[in-house]
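Here's the letter readout for the chains.
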Amino acid sequence: MTPDERARMIIGFLQRAAAGDNTAYYVSHALCSLDRLYERGRISKEWALQIIGALALVNSPVLAMFPDPAQRNMASKGISGAVHMAALWGKLDRGPRPDVADHVAPIIARWLRNACHNICIEGDLHDLAQRAIAARPAPTHEAPAILQ
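Engineer: Before we move on, could you go through the packing of helix H1 (residues 3-18) against helix H2 (residues 23-37) and cite the residues and values that matter?
Structural biologist: Contact geometry for H1 and H2: axes closest at 8 Å, N-to-C directions at 160°. Regarding the angle of H1 to H2, the classification is roughly antiparallel. Considering the relative orientation of H1 and H2, their crossing is left-handed. Of the residues in H2, those touching H1 at Arg-6, Met-9, Ile-10, Phe-13, Leu-14, Arg-16 and Ala-17 are Thr-23, Tyr-26, Val-27, His-29, Ala-30, Ser-33, Leu-34 and Leu-37.

Engineer: An account of the packing of aromatic side chains is requested, with residue identities and associated values reported.
Structural biologist: Inspection of the entire model under this criterion finds 3 aromatic pairs. Pairing Phe-13 with Tyr-26 gives two aromatic rings, centres 5.9 Å apart and planes at 35°, and the pair type is tilted. Here Phe-13, found in helix H1, pairs with Tyr-26, found in helix H2; they are 13 residues apart in sequence, far enough to count as distant. A ring pair is formed by Phe-66 and Trp-111, whose centres lie 5.9 Å apart and whose planes are at 40°; its orientation type is tilted. With Phe-66 in the loop between helix H3 (45-64) and helix H4 (69-89) and Trp-111 in helix H5 (residues 100-135), this residue pair connects regions lying 45 residues apart in the sequence. Three or more aromatic residues joined by ring pairs form one cluster here, namely Phe-13, Tyr-25 and Tyr-26.

Thresholds, definitions, all that
Once a new chain begins, its residue numbering starts again from 1 and follows that chain's sequence as written. Restriction of local features to residues with pLDDT of at least 70 applies here, the model being predicted, together with a cutoff of 80 or more for giving and counting side-chain atom pairs; totals for whole chains, interfaces and linings are based on all residues. Side-chain calculation: all heavy atoms of the structure are included, whereas hydrogens and water are not. The axes are straight lines fitted to the C-alpha atoms, using for helices just the contacting stretch, and the angles between their N-to-C directions are given from 0 to 180°. Only DSSP runs of H or I covering at least 4 residues are called helices, and only runs of E covering at least 2 are called strands; the numbering of each starts at the N terminus. To sort the angles, those under 35 degrees are grouped as roughly parallel, those over 145 as roughly antiparallel, those from 65 to 115 as roughly perpendicular, and the leftovers as oblique. Helix crossings fall into two classes, left-handed where the near helix is turned counterclockwise from the far one by less than a right angle and right-handed where it is turned clockwise. Contact definition: two residues touch when any of their heavy atoms are within 4.5 Å. We call Phe, Tyr and Trp rings a pair once their centres come within 6.5 Å, taking the six-membered ring for Trp, and we label the pair stacked below 30 degrees between planes, edge-to-face above 60, and tilted otherwise.

Now the structure itself:
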């Protein structure tokens, strides 16, 4: 897969997340792909700007997944970290030396990726519990055999 195809895939994940199609799942996959790919090859500035635009679209839906203010703040920083990574991948506004954010961005974006993944796992566990409850036989109101 070429860097441009990878960029297109990330944008597709983010667009689905922004549309409300399993936001946590698609943000997690987009950030995983971005993390694994941004240092492998380069993308055009246009692709980087499209990824940054797609990240802006998921900002509100992502923040809505975190009712706790501290987690919402971390999620916001995670989006900012992903924006920084996309800028690095597309070589946007790069000076002669890397700055501290170059090293922090992947870590904070990974926090958001993991938090989204955990939301997916919690949803899976909830679904499994609901299926288990639905599969239980209905209780009977008969007296136990020993009492009959």
